[in-house]
Structures are given as C-alpha cells and as structure tokens.
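# Observations on chain architecture
The residues making up each chain are set out below.
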Amino acid sequence: MVKNVDLSLDTGLNTGSSNYEYVGARVRARKAKLFDDDDYRKMVRMSPNEIARFMEESEYSKEINRLGARHEGVDLIEYALYDNMARHFSDIVSWSNGSLRKTVADYLRKYDAWNVKTVLRGVFTDATVEEIHGDLIPAGELDEEFLDDLAELGSVEKVVEGLEGTVFGEALEEALRDFNDTGVLLPLENAVDRTFYEGLVKGERPAPESPEGVYTNFLRSEIDVLNVRNALRAAGSEQVDVGEYFIEGGDLFKKDELRRLVGNREELVNALRESGFGDSLADAIDALEDTGSLVEFDRALDKLLMQFAGTMTNRHPNSVAPVISYILSKEREVQNIRGIARGKEAGLSVEEIEEEIVI
Amino acid sequence: MLRPKKMSKVSVAGSKGVLEDAVEVLHELNLVHVTDYDGSWEGFENGNPLEGGEEVSGKLVQVRAVMNTLGVEEDDYDEEEGTGFSTREELYDRLADLRERVNELEDDRNRIRDGLRDAREERRTLEPFVRLGIDIDLLKGHDEIELRVGLGDAEEVRGALEEADGDEYEVFGGDGVVAVASRDIDTDDVLVGVDFSEIDVPDGEGEPADLIDEVENRVETLEGELNGVESRIESLRDEHANFLLAAEEELSIEAQKTDAPLRFATTTNSFYAEGWMPTESYTDMVDRLQEAVGDRVDVRELETVEYNDEGHPEEHASEDDEDEENGNIDDPPVVQDNPGAAKPFEPLVNTINRPKYTELDPTIVVFLTFPFAFGFMIGDMGYGVLYVLMGYAVYKAVDSETLKALGVIGIWSGVFTFIFGYLYDDIFGIHPRGDLGIDFLIGAGVLSKGIQVEQTALMWLVASILFGIIHLNVAHIFGFINDLSHSVKEAVVENASWLLVLNGFFAWVFSLHLAESKPAFLVGEEAVLNENPMFSLGFTGLPEEVGIAMGVVAVVGFVMVVYGEGAIGAIETPTNAFGHVLSYLRIMAVLIAKGGMAFVVNVLVFGAYETEHPYQEGDSYIQFALTAPPSELVSEGQEVAFGGLVWMGLGEGTGVVLMVVGLLAAVAVFVLGHIIVLLLGITAAGIQMVRLEYVEFFGKFYEGGGDKFEPFGKPRKYTKEGR
Amino acid sequence: MIEAIEPVVTQVEQNPEYAENLGDGIALAAGAIAVGLSALGAGYAEKGIGSAAVGAMAEDPSTFGRGLLLTVLPETLVIFAIVVFVLLL
C-alpha cells in the first residue's frame, strides 16, 4: 500500500533522544507562516483562480506549481491543500527523533481514524464515492486511493473486511456484531476512536509537567471533546445506550455522569456550562441553546482545542505541544481555504463565507 | 546616516470610475508602500479584485506551473530573441499549446520513471537467484516439499538442519544465497537464530540469468526513452524560455494590479487607499499622478512622521501595549539611509532585525568597528590580500544583494587585516623586518602580537577592555537618544545610569586607589599603559581621589539602575557593566590564538631556534630560521626548537629522495597550514566580532522590528507597458 | 591513602620552594578544571539553543542572526572562567 504520510518507525532515526528544540523551532516557524486575518480577508473576496495564485505565492507554491498545468479552480486548490498538508506532516515525522517521533506518528493516526469513520458513515448513509472523498482528510497514513477503494465497496461489512490488517481491523471486527444488532453506526465509530485514544492514554499517568504528561493531558481534553460531541449528537436518542460507547480517559465527565446526562439535552448543556470548558465555551453554549445548531458548536470545540494547544505550547515549549498546535492549526487552515473555495464556487456572499472561517 | 529616510503617510482617494487608472499609475510609479485596509471603519469594505483578475490569475498559475516543470530560470532569457507574443490573446494561445505539450511530456516521463523503478526493483530481486543458479519454476509449486530461499550462510543452515528431527532435506547454493528443500521439518523453528533471511521467489520461469538479461534490456530501453524525453523537455525549455519569462512578468504585473483593491477601503462608489512613501518623493508622485489622471483622484499627504514616536499622538492614544509589541502597526516602513561605504553593513544589522523607524540605525558604528576589530585580530598582510581577493570573488560571483554585501564586508575586513599586518610586521606569520631585515616604509612593525612577549599580550588585554568600554559607551548613548523620545526620565534611569556604572567602575579599576591589590599590569609603574615593549604612554593610573570619586559615581549609577529597573537591574549589573566588558577579551584571545597558529605552521616549515629574549630577562625567545638551518644560527648554549622541513630537505647529504620529500612536505604544510589559519580566521575573528556587535553592543539599545519598504509596483525586465 | 601522600608532605615540610611550586601547580590545575567545566556547561547549554536555532534557520534563513546571537550567549561562561584563570596565575 502506498502510504500517504509514512508513519512507520522502522525508517530513519527512531532511536536516540527526542529533539524537541529542533522540531519545536521548525514547526513554530511554519505555524508563523500560516495565513492570518489579512490573508483571509483577501481570499474571501477572490475567485478560485485568484486564490490558487495567492497560494502559489505562499507556502503552497510547490504543490500549485506541480499541479497547476493540469488542474484549475477549486480542484487545483483542494489537491494542493491536501498534498501540502501531507508533505508538511511527513516533514515533521521525518525531523523527529526518539519518543517524539513515535508520539507524532501516533497522533497523526488521528486522521486515519477520521477517514475510516468518514468512509463508514458515508457507506452507511449511501453517500456517493465523490461525496465521501470530499470529506476525507488525507493527512494520516492511509492514502486516498485505498480509502476511495473502501468507499466503493458499498456495504459496511465489506469496508470492515477491507480494513483488516490495519490498526483498526481487530476492533472493528469485534464491533461489527453490535452494529448488526443495533443497526446504528455508533459501535463502529466508537471502536475506531477507542483504538486511537485508549491505546494512547492507557497505563499510569505520567508526571503532568513531563513531555509525556503534557501530551496525555492534551489527549484527555480531546477525549472530553469527543465525548461531548457524541453525547450531544445522541442526546435524547432511544436507539442506543451512549454510555456504553463512552471513551475512557477524559477528565471532564465520568462514564456514569455522562450516561445520566445524555438522556436530557438540556441537562447536558447545563452540565457543560458548569464544567471546566464552561468559561471558554460560554458564547457557543448560548448559541447552541438559542439555535440548537451543532455546526457552530462543533466549530467552537475545534477552536477550543486549538487554544488548548496554543497555551500548552507557551507553557511547555520543549514537548510535543508545538507540534500538535501546528498540526491542528494547519488542518484548520486547510479546511478554511477549502471552505472559502467551495463557498465561492457555490456563490455564497463574503459574509457567509467569513462565518465558516476559524482562526 | 543614523536615521532612516523621512516618510510621509499619503492617501489616494477617488470614485470607483477612476480606480483602475489610479492603480495603473500607482503601480507604474512604484513609489508607494500601500498598507492593507483592515476592515475596521464603519461603512468601508475591502474592495474586490478588478475585472479580469480571475482569468489572469488562472493563466499565471499555468505559466508558473509550466516554468516549474521545464525548469526555466531567469538566466535562460536571451536578450536577442523576442518575447514571442504581442497581444494577450497570442499569449494565451501559445500558453494553451505549450501547456498541452508539457503535460504530455510529463506523463511520458512519469510512465517511464515508474517502469524504470519497477524494472530496477525486479532486477534487485532476481539478482540473488542468479547467484543461486536454479530455475525459478523449480523453486515454486511443490506440494509436499517445502522450499525456502534466503540470504545467509549455507554451512550454518546445513548444520542447523542436521541437528533437527527428520532428515529429509537438502540445501543448495552457497555464495550468500541458500535454498532449502525439506519435508516434515518445522523449518521456522530450525532456522531461528541461524544466518538466514528469507526472500520471496519472483514470478516467471526459466533460468534467472535469462530473466535478468531481459530485465537489463528493459532497463536500458527505458533509460534511453527517459533521456529522449528529458532532452525534449530541455529543447522545449530553450525554445520557450523567453516566452515564459515574459508572460510570467506580464501576467504577474497584471495580477498585482487586479489584486490591488483588496488592500483598499471602498464604498459602493468610491475607494480610499493609504500608504507610505519617502517624503522627498511626494511632490514627484503628485505631479505624475496629476499628469496621468488629472483631478479625478485626490492625493493627500496625511502626515510626515517625525523620528520620535510622539509625532502622531492621535494614533498613539488609541494604541494599546499589545499593538506596540506586535511591531508597531502604525510605524512607517524603513528605508535605511547610510553612506555608500557603510551600506554593505546594513544586511549585517538587518540579520538581527531591521531598525525601527523611531530608533537610531547602528549600521555606521558596525561599519566603523567590525573591519577594524577584524583587522586587529588577524593582522597579517598576506591574509589581508587573500581576504580582499576572496571578498571580491564573492562579490563578483553572486547575484543576491545580501551575499554581495558579504563580499564587500570581506574586502573591508581584508583591507584592515592588511593595515594591521603592516603595523605588526607580519606576512603569513613571518616578520619581514624583524626576521629578514627588510625595512620598508615607516610604521612597519611598530606593533607586535605579543605571542612570546608577556607585556605586549597584557597590553592587548587592556586594549581589548578599553575598546569594549568605548563600544559600550556608544551603545548606551544610542539607547539614551532612543529613549529620549519616550521620556527624559526613562533615558536617564535606563541608559545614563548604566553609563555612570560602567565608566565609574572602570575609572576606579584604572585608578591608584587600592593599587597594591590590583594586578601590576593595570596600574602603577609596571602598568602596560605606562610602558610596554611597543610604546610608552606614561599612564600609571588615575589619582586615588579621582578613583574614589568615580567609584561613588558608579554607586550612584547603580542606585539609579535599581530605581529604574528594580531588582532585575541589580542582578544584571555585574553582567552588564563588568561581564560584558570582559567579554571583549575575546579580541585579544583571537589575536594570540591565530598568531600562535601561524607561528606553529612557520616553525614546522622553517624551523626555529632559541635566542635571548629581547625584553624578558632569563626567558628564551623562539626565532624562525629563515636564512640558514637553525643549527647554524643557534648560539652556544641555546637549543634548536625544531629543525624545519625546508632545512631537513636541503640539508647536506640527504640525497635526492629525502630532499624532494622534505621540500614537498614543507610546501604542503605551509600552504595547508596557512589555509586553515586563514579560514579559521573568518570563523574565529568574524563570528566573535559579530557576536560582540550583536550581543554586547546591540543588546544595550537595539530593538529592531521595522517593516521593509515595499512599494506597490514591479519594474519590468522583459516586457513593455501597454498590452 | 595517607601513606601515598606522605613523601609529598615530607617534601613540603622540608623544602619551602617545593611547597610554593606545588601550590602554584595546584592553582593551575584548579584553573584548568574551572575552564574545562565551564566550557562543558556552556556546551550543554548551547546544544539545546543551537538545535532550535538550526531548526528555525532551516525554515527561514533570515533568522540566522538571531539564531547565532542566542546560540552564543552561554559562551560568555567560558570567558568568565578564563578571567578566573588569569587571576589565579
């Protein structure tokens, strides 16, 4: 299988001590080069071709120049965005030594988890291969072709079968029975998340100030966010016991607590307001109560994680924090530009597009 | 000189109807650094790109992509040929055609490369089987017999199987490749820990040697094809380089123009643009804009910014601290204004950061100190000439302005190295006057590096400290002037206070107060400033009263520092006022280290002998043997330090072989040795002096963070206006 | 241990010149150790800064100056040690 980003540890320097200083300095320099307010203000007013040219004059020049003679407009932008992201993420892995390399590689599998879930959900809801493809984030190890092939298989069982041999294979196979029993996707999605997160945070808690501790603390926040997302989606649903699919390791809610709250959305929202996330999410929670729309709330959660990563970088410069902060911001940038390009193509107004952007 | 060019903030406004014309003229003028409108005014939106921008940008992306594939560079432009298009349509047509051809070629190239990679991989997997020499089809498809092939040691494998249960096996091969045929033996188990790593048997049948021949042929054909494609790409590049470079220029200029309104504030019917320009060119701009668009646009000089940042109070009032830290959004961009000789030193300053508009530009001080100190440290006529040549070569060979500047810095440093070399009487570490009696112009050899003369070395130690004190005084004075624009109080407690501490303390050090407990070379009759082997200055120390008074001054300064900067100031005092001055001792250290290295090279080459020390009674002095073997020159009772490779070669009765070897060794050591000293000189003297400028000097006052002046526009190189 | 230094002690007691030389020698050794250790410290400090500086430079060559500046800061430690050494002489 061709790998999108090579996350294997058997090439390069995976021995020796972690080179936090070097990698940290490089990712911070790259983070500083991400687009800022001024750039977005220009891009939202540009046509897709102009955006492509604007990208050519920035960090994306390599990809646009490689693809620019064959593609144009939104296609060119999307291909360049993803190729660029994969290149940047591969760079980070290749710079890293020692345990840092393992940490980064493990973390990037997050995108594999996302993509596998996307394919499963797409197949489950009978989405077209193109639709599924459009939601993939090829920044992990599984490359687009493999994922497209999976999407073409047409049934959830076949997709699970197709994933045999990947890190998710075993857990998915186990969850397949639950899926068949309940008829909802949650058990499978949960199996993917569980494989990703519980593998990462299991065992003794490392000292919170150590590089490992900083990393696990961040993962715990991610787990919290994931649990909150799942709970909000499932709140009030009768089909499935959400508590069953709670992911262990978070700090915000305990399993029983969430199981109790999930029955009533109002209570859940109130509990969220009281929780450690309450202050940072106050506006988003208000909006959620007013409109009931999850889209905006999801965006607020993304932003929250980016903020966590940013604070973490300032407090623990010699850890994996700068890397995670960069990865999140880069992913966000790619999503932003994609949103702008697609919005432009769909003829949305400047204001509508600006609302989609998260910085 | 110490200040950047004075800048004015200007505005250009008009109705949307003249927007395009105004952009056109501004771009052509290439004078105004347009600032981006940040969307903060009620009723004003950022503008949208001009019409046609989408098409131009799309084509521009294609042009750049094609250039990238073909590898077109600026050098490929041929003045004698035209650009190959005269209208936009021609440009687009030719581009479409070229793009198609390039894509085809690239497809071909990718296909061939893939094929080549596969073929090479196949060859690699087949190679062991050629060594094994067994037909591929014989190694596959057996039901009862297990067949495994691997890289390893046949004997070892045989031995392991010997010991295993069951004896139905056979081992083939040797030469590092082993095939094992066995029945009813758990070979997994047996082969653990044996030198055997299994390889897969490739597809195909027949003799491996035949197969590999076929693959070789394929590789050769593909390599030929690849060369063909590469050369077609190359000829496409030669053919279209002019066109592509010109098209890129034409379209990127057009794209800059269509993009411009994105930076302007606009309403439904009008636009408003702001920017910076040197005050001196303002009237020129107004005239030219008038000429082109008449009264239809309104141009104004909003303000001329004074160098102290009190100049624009209304902005300052609204500016919170955060803005200030984020690089002074409202400060004008900086155009440094240094005399021609000092210009090349601007990049050296800008490497740290471009000066802010409101602070002094220290370039001139770097120009006055860097080459001087470099020359002082290396001080050798031979090296000086070589540095000048190296600097000139760099200047000639490179295109980048920054690297050119580096070349000029090299030349300046070389000149000073030569001058000090003359004063030290040093040429490649040899003293033409002292060693050979070549007495040229006056002044030669008035100084000495003090490699063997303690008093001289101590003199340079004191000189380094004095240089440091002067350098740091300049730094604090710069800081004082910079802070003066904020407030007088700040300037006094944060800068003048340090001047008092620094000068007060060192005046006390060089005073006779407590003279007996100070090192003798500092003050008193034996002070090097009183008398040293090179010159006598007659300075034995400041009077005791002056010393005490200056000590009090230092204490007053210290109190001011603590008042101004708090406890941090107290903690910093020993480092800032004492440590940073001692840091300049590296100047003397490099001087002696480099001199010492050159000395050693010459001792090896020419040999040396001991003589009486000219200054230090009872010590011996090492003298090069330049005119005759050291054994002949040495006087009774003294020793030869080293025979010298030259004299070993030329010695009587050495024979031709030894003579040649000796002389070759002498030349090799001389050349290599001095090259090493020459290059280490750059890293030692260059880097150490850069450090003193950056850390000790800049650290006292320099903030930096000015924006680069980037006027809107782009000078044309290949194309003409008006298509 | 005591026996091992006994001849030295005897020499010191009987021969004042020997004692003086020995003192000078020990002072020199102390200075040398001081310089060596401080160089080691500076080197260790520069390791981290240096690799961060190289990282930043790889991304943006214009950070060269600032990288150099920060990298060489700890090296002043060695200069201080040399000063101590000179004073010991």
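These lines cover the structure that appears in this document, whether it is placed above or below. (Residues numbered from 1 in each chain as written. Chains lettered and ligands numbered in written order. Predicted model: local features only at pLDDT ≥ 70, side-chain atom pairs only at ≥ 80, totals over all residues. Heavy atoms only, no water.)

### A short note on the overall build of chain A
Selection criterion: For helices the rule is a DSSP run of H or I covering at least 4 residues; for strands it is a run of E covering at least 2, with both sets numbered from the N terminus onward. For this analysis, residues touch if any pair of their heavy atoms sits within 4.5 Å. To be clear on the numbers: accessible area is Shrake-Rupley with a 1.4 Å probe, and residue cover counts the displayed protein chains and nothing else. In this tally, Asp and Glu contribute negative charge and Lys and Arg positive charge; neither His nor the terminal groups of the chain are included. One atom stands in for each charge, and that atom is NZ of Lys, CZ of Arg, CG of Asp or CD of Glu.
Looking only at helices and strands, chain A features 18 helices and 0 strands. With respect to the three principal axes, the spread of C-alpha positions in chain A is 55 × 50 × 45 Å. Sequence separation of at least 24 residues holds for 68% of the intrachain contacts in chain A that already meet a minimum separation of 6. Total accessible area on chain A stands at roughly 15400 Å², and carbon and sulfur atoms take up 46% of it. Side-chain charges in chain A split into 42 positive and 72 negative, and the spacing between the mean points of these groups amounts to 5 Å.

### What to know about the interface of chain C and chain B
Interfaces are often sized by the amount of accessible area the parts lose when they come together. So the rule is basically this: Buried area counts how much accessible surface, traced with a 1.4 Å probe, disappears from two parts once they are put together, with both parts' losses summed. Salt bridges are defined by distance alone: a side-chain nitrogen of Lys or Arg within 4 Å of a carboxyl oxygen of Asp or Glu. Think of a polar contact as two N or O atoms within 3.5 Å of one another; within protein, one of them needs to be a possible hydrogen donor and the other a possible acceptor, and neighboring residues in sequence only count if both atoms come from side chains. In this classification, Asp, Glu, Lys and Arg are treated as charged, Ala, Val, Leu, Ile, Met, Phe, Trp, Tyr, Cys and Pro as nonpolar, and every other residue, Gly included, as polar.
Counting from both sides, the interface comprises 13 residues of chain C and, opposite them, 15 residues of chain B. For the pair chain C and chain B, the summed buried surface comes to about 1300 Å²; carbon and sulfur atoms form 73% of the total. The tally of links from chain C across to chain B stands at 0 salt bridges. On the surface where chain C and chain B come into contact, there are 2 residue pairs in polar contact (both at pLDDT 80 or more). At the level of secondary structure, the elements contributing two or more residues to the side of chain C that touches chain B comprise α3 (64–72) and α4 (76–88) of chain C. With 6 residues, α3 of chain C is the largest single contributor of residues to the side of chain C that touches chain B. The residue makeup of the side of chain C that touches chain B, split by class, is 8 nonpolar, 3 polar and 2 charged.

### Details of the interface of chain B and chain A
Contacts between the two partners involve 29 residues from chain B and, on the opposite side, 22 residues from chain A. Summing both partners gives a buried area of about 2200 Å² for chain B against chain A, and 45% of it is carried by carbon and sulfur. For chain B, the biggest contributors to the area lost against chain A are Glu54, Val61 and Arg64 of chain B; these three give 24% of the whole. Along the contact surface separating chain B from chain A lie 7 salt bridges. Of the charged contacts in the structure, one is a salt bridge between Asp36 of chain B and Lys42 of chain A, with a shortest N-O distance of 2.9 Å. Between the two partners, chain B and chain A, sit 15 residue pairs in polar contact (both at pLDDT 80 or more). Contributions of two or more residues to the side of chain B that touches chain A are made by β3 (45–46), α2 (53–70), α3 (88–132) and α6 (208–259) of chain B.

### Considerations on the nonpolar core
Heads up, the condition is: Take the buried residues of types Ala, Val, Leu, Ile, Met, Phe, Trp, Tyr and Cys, join any two whose side-chain atoms come within 4.5 Å, and each joined set is a nonpolar core. The rule is simple: take the accessible area with a 1.4 Å probe, protein chains only, and divide by the maximum for that residue type; under 20% is buried, over 50% is exposed, in between is partly exposed.
Within the largest apolar cluster, 119 residues are counted, with the highest numbers of intra-cluster contacts made by Phe89, Ile92, Leu172, Leu188, Phe297 and Ile337 of chain A. No other element matches the 12 residues that helix α5 (residues 73–95) of chain A contributes to this core. In this structure, Phe89 of chain A is in contact with Val5, Leu108, Tyr111, Ala139, Tyr326, Ile327 and Lys330 of chain A, ignoring residues within four places of it in sequence. Core analysis: the second largest hydrophobic core is formed by 84 residues, Ile364, Ile469, Phe606 and Phe698 of chain B among them.

### Some points on the side chain of Ser96 of chain A
Topologically, Ser96 of chain A is positioned in the loop between α5 and α6 (98–124). At 2.7 Å, the side chain of Ser96 of chain A and the backbone oxygen of Ile92 of chain A are in polar contact.

### A word on a nonpolar patch on the surface
All names here are of chain B. Note the threshold: Like-charged residues within 9 Å of one another, or nonpolar side chains (Val, Leu, Ile, Met, Phe, Trp, Tyr) within 5 Å, are grouped into patches, provided each residue has over 30% relative accessible area and no salt bridge.
On the surface, a nonpolar cluster with roughly 930 Å² of combined accessible area is contributed by Val385, Leu386, Leu389, Met390, Val415, Phe418, Ile419, Val667, Val671, Ile675, Leu679 and Ile682. Listing elements by their share of the nonpolar patch, those giving two or more residues are α12 (381–397), α13 (401–424) and α22 (655–697). When residues of the nonpolar patch are assigned to their parent elements, the largest contribution, 5 residues, is made by α22. When you line up the elements, Ile682 lands in helix α22.

### Let's talk about the packing of helix α15 (residues 278–291) of chain A against helix α16 (residues 294–315) of chain A
Angle between the axes and distance between the axes are the two parameters that describe a pair of packed helices. Residue and element names in this part refer to chain A. Here is the rule: Angular values range over 0 to 180 degrees, each being the angle between N-to-C directions of two axes fitted as lines to C-alpha atoms, with helices fitted over their stretch in contact. Each angle receives one of four descriptions, namely roughly parallel if under 35 degrees, roughly antiparallel if over 145, roughly perpendicular if within 65 to 115, and oblique otherwise.
Remark: α15 packs on α16, axes separated minimally by 9 Å, with the N-to-C direction vectors making an angle of 170°. It follows from the interaxial angle that α15 and α16 lie roughly antiparallel. Contacts from Ser280, Leu281, Ala284, Ile285, Ala287 and Leu288 of α15 reach α16 at Leu294, Glu296, Phe297, Ala300, Leu301 and Leu304. Across the contact of α15 with α16, the residue classes break down as 10 nonpolar, 1 polar and 1 charged.

### Some remarks on the packing of aromatic side chains
Two numbers describe a pair of aromatic rings. These are the distance of the centres and the angle of the planes. Residue and element names in this part refer to chain B. Stated formally: Aromatic rings from Phe, Tyr and Trp, taking only the six-membered ring of Trp, are treated as a pair when their centres fall within 6.5 Å; an angle between ring planes under 30 degrees marks them as stacked, one over 60 as edge-to-face, and anything in between as tilted. Definition used: whenever NZ (Lys) or CZ (Arg) falls within 6 Å of the ring centre and also within 35 degrees of the ring normal, the charge is taken to sit over that ring.
Evaluation of the coordinates by the stated rule reveals 42 aromatic pairs over all chains. Considering the side-chain rings of Phe367 and Trp412, the 5.1 Å spacing of their centres and the 80° angle between planes classify their relative orientation as edge-to-face. In this pair, Phe367 is assigned in helix α11 (residues 363–378) and Trp412 in helix α13, connecting sequence segments 45 residues apart. Ring centres of Phe505 and Trp508 lie 6.2 Å apart, and the angle between their planes is 35°; on these two criteria the pair is classed as tilted. One end of the pair is Phe505 and the other is Trp508, both in helix α16 (residues 488–509) and 3 residues apart, which spans about a single turn. Look at Phe505 and you get partly exposed, because its relative accessible area is 27%. Since its relative accessible area comes to 24%, Trp508 is described here as partly exposed. Cluster of aromatic residues (ring-pair linked, three or more members): Phe372, Phe376, Phe416, Phe420, Tyr424, Trp460, Phe467 and Tyr584. The ring of Tyr395 has Lys404 sitting right over it, with the charged end atom 4.7 Å from the ring centre.

### Examining unusual backbone geometry
Residues and elements named next belong to chain B. Of note in the backbone geometry, Asn30 takes a positive phi value of approximately 55° without being a glycine. Backbone geometry places Leu514, a non-glycine residue, at a positive phi of 55°. As for its position among the elements, Leu514 is in the loop between α16 and α17 (544–565).

### Structural notes on the pattern of salt bridges
Under the counting rule described, the total for this entry stands at 55 salt bridges over all chains. The residue Arg70 of chain A makes a salt bridge to Glu106 of chain B at a minimum N-O spacing of 3.0 Å. Placement of the pair is Arg70 of chain A in the loop between α4 (61–67) and α5 and Glu106 of chain B in helix α3, with the two residues belonging to separate chains. The exposure class of Arg70 of chain A is partly exposed, given its relative accessible area of 30%. For Glu106 of chain B, a relative accessible area of 12% gives the class buried. Put simply, Arg26, Arg30, Lys33, Glu59 and Asp91 of chain A together with Glu59 of chain C are held in one network by salt bridges that share partners.

### Side note on the environment of His476 of chain B
Residue and element names in this part refer to chain B. In this fold, His476 is placed in helix α15 (residues 454–484). Using a relative accessible area of 3% as the deciding quantity, one classes His476 as buried. C-alpha of His476 to C-alpha of Phe697: the two residues are 221 residues apart in sequence and 8.7 Å apart in space. Each residue touching His476, except ones within four places of it in the same chain, is listed here: Asn495, Trp498, Leu499, Leu502 and Lys700.

### Things to note about the sheet that holds strand β4 (residues 146–152) of chain B
The strands making up a sheet are joined through hydrogen bonds of the backbone, oriented either antiparallel or parallel. All names here are of chain B. Put simply, the rule is: Any two strands between which DSSP finds at least two bridges are classified as paired.
Spatially, β5-β6-β4-β7 is the arrangement adopted by the 4 strands of the open sheet, whose pairing is antiparallel. Two strands bound the open sheet, and with one partner strand each, they are β5 (169–174) and β7 (196–199). Each adjacent strand pair in this sheet contributes to an overall mean axis angle of 30°, direction not counted. As paired strands, β5 and strand β6 (residues 177–182) are joined by 6 bridges and run antiparallel to one another.

The values are spatial; any link to function lies outside them.
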